[in-house]
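What follows is the residue order along each chain.
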There are 2 protein chains.
Amino acid sequence: MRSPDELSEFLRANGLKATPQRHAVFEALHRESGHPTADDIWARVREQMPTISLRTVYQALHDLVDLGEARIVTVGAGAAQFDRNTEQHDHFVCRKCEAIFDVVSSRPRLMSGFPDVADVELPATDGSGPSGARSDVVEPAANFQIETAEVIFRGLCAPCGG
Amino acid sequence: MRSPDELSEFLRANGLKATPQRHAVFEALHRESGHPTADDIWARVREQMPTISLRTVYQALHDLVDLGEARIVTVGAGAAQFDRNTEQHDHFVCRKCEAIFDVVSSRPRLMSGFPDVADVELPATDGSGPSGARSDVVEPAANFQIETAEVIFRGLCAPCGG
DNA sequence: GCAATAGCTAACAAAACTTGTTAGTTGCCA
DNA sequence: TGGCAACTAACAAGTTTTGTTAGCTATTGC
Ligand SMILES: [Mn+2]
Ligand SMILES: [Mn+2]
Ligand SMILES: [Zn+2]
Ligand SMILES: [Zn+2]
């Protein structure tokens, strides 16, 4: 987590102005627990800055994503959820309350060497290009370059009686 | 993959009528390669059944999902993508062409015993309920019931120069 | 076969989320 | 202090998905 001063510097270093709005969105993202939506952030920021527009919140959030200071997590339909945690980590999604929890330590336990996987089996592409990717013909494909990997666990969270 | 006759029986056994539309959607889902959207299926079905409505396609697809004959994969924003493969498997998403590939065999290789994970570390919930789930306090939480798990690999696919 | 009714189509409406746009104002910073 | 990035307001609009209604079709249990 970057400090406000560091953020100003960082923004300027990337050709962006260090505006109070960007600071407010950044801080809201870090104060907010879990994986807030743009709307959540908007509500939080408006407590201190009532005039900020939702448009600006979206813009600032995407700026942060572009700068690598936030991520977007996608675990289903609905509004995009932002994640201040840019470290490699996994998620648990409750099927009842739909809350998202960070899952730590599953990576080293379950998948040693992950994601430096060299020989994962991937489907052949039958020469018809990306859109023709088939899932019935399978053979080792070393020329698939895996850059990231994330595990999504689903089930019942503790508060919901898991 | 269920045969047409089996599908008719299966639909009736679940209190649904075996209509030509449901058959057409089912067959289009199996003819279509990869992970088509409702719109993709609609286009495919209309080749043989020009009058079918998109509304009916959505309904039929959701019927199939409810019956366990299809899944919805979520790997990002945009339209939902349907998956005829209801076996447990993972996905590779190309960051360039955004194609989705099935990944097989990664499970047994990378994660033995998966997903029967008993002791994954999950965040504590600090007593504030689901919405107050925090991601900074972490402790073992055996009372999170993991039911499914999926790995999403991202990177460059072979056709895109991976 | 027949009748009951689930399901289909058409035709919109609308919700939900996100982005585009424009014009006028503010304020960051070189 | 001036230039211009950025903000706000106010909409419009695109996308995806679901809701709704009315009338017609066709499946299925009998
Ligand atoms: Mn997270
Ligand atoms: Mn799949
Ligand atoms: Zn829950
Ligand atoms: Zn690709």
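## So, the overall build of chain A
Here is step 1: When helices and strands are tallied, chain A shows five helices and seven strands.
Here is step 2: Relative to its 162 residues, chain A shows a buried fraction of 48%.
Here is step 3: Partitioning the intrachain contacts of chain A with sequence separation of at least 6 by distance along the chain shows that 47% fall at a separation of at least 24.
Here is step 4: About 8100 Å² of surface is accessible on chain A, with carbon and sulfur atoms providing 47% of the total.

## A few points about helix α4 (residues 54-66) of chain A
All names here are of chain A.
Here is step 1: When the terminal C-alpha atoms of α4 are compared, their 18 Å separation across 13 residues agrees well with the 18 Å that a helix rising 1.5 Å per residue should span.
Here is step 2: Regarding α4, the residues found buried are Val57, Ala60, Leu61, Asp63 and Leu64. Within α4, the buried residues cover an arc of 155° as seen down the axis, which keeps them to one side. Turned more than 90 degrees off the buried face of α4, the exposed positions are Arg55 and Asp66.

## Topic: the protein's contact with DNA strand C
Here is step 1: Around DNA strand C, the surrounding shell holds 18 residues, and the nearest of these are Ala18, Tyr58 and Ala80 of chain A together with Ile52 and Thr56 of chain B.
Here is step 2: Within 4 Å of the protein, atoms of DNA strand C come from sugar and phosphate in 74% of cases.
Here is step 3: For DNA strand C, a base nitrogen lies 3.2 Å from a polar atom in the side chain of lysine 17 of chain A.
Here is step 4: Contributing elements (two or more residues each) for the surface near DNA strand C: α4 of chain A together with α2 (20-31) of chain B.
Here is step 5: Of all the elements, α4 of chain A adds the most residues to the surface near DNA strand C, at three residues.
Here is step 6: Of the residues assigned to the surface near DNA strand C, the class counts are seven nonpolar, six polar and five charged.

## Brief notes about the packing of helix α1 (residues 4-13) of chain A against helix α2 (residues 20-31) of chain A
Residue and element names in this part refer to chain A.
Here is step 1: At a minimum axis distance of 11 Å, the contact between α1 and α2 shows a crossing angle of 130°. Classified by the angle their axes make, α1 and α2 are oblique. When the axes of α1 and α2 are compared, the crossing they make is right-handed. In this structure, α1 uses Pro4, Leu7, Ser8 and Leu11 to contact α2, whose residues at the interface are Arg22, His23, Phe26 and Glu27.
Here is step 2: Of the residues contributing to the contact of α1 with α2, the split by class is four nonpolar, two polar and two charged.

## Considering the coordination of the zinc ion (ligand 4)
Residues and elements named next belong to chain B.
Here is step 1: Only Cys94 (SG), Cys97 (SG), Cys157 (SG) and Cys160 (SG) from the protein coordinate the zinc ion (ligand 4), and they sit 2.3 to 2.4 Å from it.
Here is step 2: Classification of the site at the zinc ion (ligand 4) as tetrahedral follows from its four donor atoms and the range of 107 to 112° in their angles at the metal.
Here is step 3: Between consecutive donor residues of the zinc ion (ligand 4), the sequence gaps follow C-x2-C-x59-C-x2-C. Here cysteine 94, found in strand β3 (residues 90-94), pairs with cysteine 157, found in the segment after β7 (145-156); they are 63 residues apart in sequence, far enough to count as distant.

## Quick look at the packing of α2 of chain A against α4 of chain A
Residues and elements named next belong to chain A.
Here is step 1: For the pair α2 and α4, the least separation of the axes is 9 Å and the interaxial angle reads 70°. Classified by the angle their axes make, α2 and α4 are roughly perpendicular. Contacts between α2 and α4 involve Gln21, Arg22, Val25, Phe26 and Leu29 on the former and, on the latter, Thr56, Val57, Ala60, Leu61, Asp63 and Leu64.

## A closer look at the packing of aromatic side chains
Here is step 1: Going through the model one piece at a time under the given rule, you end up with two aromatic pairs over all chains.
Here is step 2: Of note, arginine 46 of chain B hangs over the ring of tryptophan 42 of chain B, and the distance from its end group to the ring centre comes to 3.7 Å.

## Overview of the coordination of the manganese ion (ligand 1)
Residue and element names in this part refer to chain A.
Here is step 1: Each protein donor to the manganese ion (ligand 1) is listed here as His35 (NE2), Asp83 (OD), His89 (NE2), His91 (NE2) and Asp102 (OD); together their distances run 2.0 to 2.3 Å.
Here is step 2: Of note, the donors binding the manganese ion (ligand 1) are all from one chain and are spaced H-x47-D-x5-H-x1-H-x10-D. With a gap of 48 residues between them, histidine 35 in the loop between α2 and α3 (38-46) and aspartate 83 in strand β2 (residues 81-83) connect regions that are remote in the sequence.
Here is step 3: Classification of histidine 35 as buried rests on a relative accessible area of 7%.

## Structural notes on the environment of leucine 11 of chain B
Residues and elements named next belong to chain B.
Here is step 1: Tracing the backbone shows leucine 11 in helix α1 (residues 4-13).
Here is step 2: Among the residues examined, leucine 11 registers a relative accessible area of 2% and is labelled buried.
Here is step 3: Once the C-alpha coordinates of leucine 11 and aspartate 39 are considered, the two residues, 28 residues apart in sequence, prove to be 23 Å apart.

## As for the protein's contact with DNA strand D
Here is step 1: In the vicinity of DNA strand D lie 18 residues, with Thr19 and Thr56 of chain A together with Arg12, Tyr58 and Ala80 of chain B positioned nearest.
Here is step 2: Close to the protein, within 4 Å, the atoms of DNA strand D are drawn from sugar and phosphate at a rate of 76%.
Here is step 3: Contact between DNA strand D and arginine 22 of chain A: a phosphate oxygen at 3.4 Å from a side-chain N or O atom of the residue.
Here is step 4: One of the side-chain N or O atoms of lysine 17 of chain B is found 3.2 Å from a base oxygen in DNA strand D.
Here is step 5: Per-element accounting of the surface near DNA strand D gives the leading share, three residues, to helix α4 (residues 54-66) of chain B.

## With respect to the domain arrangement of chain A
All names here are of chain A.
Here is step 1: For chain A, the domain assignment lists domain 1 (4-83) and domain 2 (87-162).
Here is step 2: Tallying the contact residues gives seven residues for domain 1 and ten residues for domain 2.
Here is step 3: With both sides pooled, the region where domain 1 packs onto domain 2 buries about 640 Å², and carbon together with sulfur makes up 54% of that total.
Here is step 4: When the buried area of domain 1 at its contact with domain 2 is split by residue, His35, Arg71 and Val75 rank highest and sum to 75% of it.
Here is step 5: At the boundary of domain 1 with domain 2, the tally comes to zero salt bridges.
Here is step 6: Where domain 1 packs against domain 2, one counts seven residue pairs in polar contact (both at pLDDT 80 or more).
Here is step 7: Elements with a minimum of two residues in the side of domain 1 that touches domain 2: β1 (71-73) and β2.
Here is step 8: A breakdown of the residues in the side of domain 1 that touches domain 2 according to their chemical character gives two nonpolar, three polar and two charged.

Definitions and cut-offs
- Residues numbered from 1 in each chain as written.
- Chains lettered and ligands numbered in written order.
- Predicted model: local features only at pLDDT ≥ 70, side-chain atom pairs only at ≥ 80, totals over all residues.
- Heavy atoms only, no water.
- Helix = DSSP H or I, 4+ residues; strand = E, 2+ residues; numbered from the N terminus.
- Buried < 20%, exposed > 50% of the residue type's maximum accessible area, 1.4 Å probe, protein only.
- Contact = heavy atoms within 4.5 Å.
- Areas by Shrake-Rupley, 256 points an atom, 1.4 Å probe, with all protein chains shown as cover.
- Expected span 1.5 Å × (residues − 1).
- Arc of directions from axis to C-beta.
- Near = heavy atom within 4 Å.
- Polar contact = N/O pair within 3.5 Å; in protein donor to acceptor, adjacent residues only side chain to side chain.
- Nonpolar A, V, L, I, M, F, W, Y, C, P; charged D, E, K, R; others polar.
- Axes fitted to C-alpha atoms, helices over the stretch in contact; angles between N-to-C directions.
- Parallel < 35°, antiparallel > 145°, perpendicular 65-115°, else oblique.
- Left-handed = near helix turned anticlockwise from the far one by under 90°.
- Donors = N, O, S within 2.8 Å, 3.2 Å for Na, K, Ca; no water.
- Tetrahedral: all angles 85-135°; square planar, octahedral: opposite > 155°, others 65-115°.
- Phe/Tyr/Trp six-rings, centres within 6.5 Å; stacked < 30°, edge-to-face > 60°.
- Lys NZ or Arg CZ within 6 Å of the ring centre and 35° of its normal.
- Domains from an automatic or database assignment.
- Buried area = accessible area lost by both parts, 1.4 Å probe.
- Salt bridge = Lys/Arg side-chain N within 4 Å of Asp/Glu carboxyl O.

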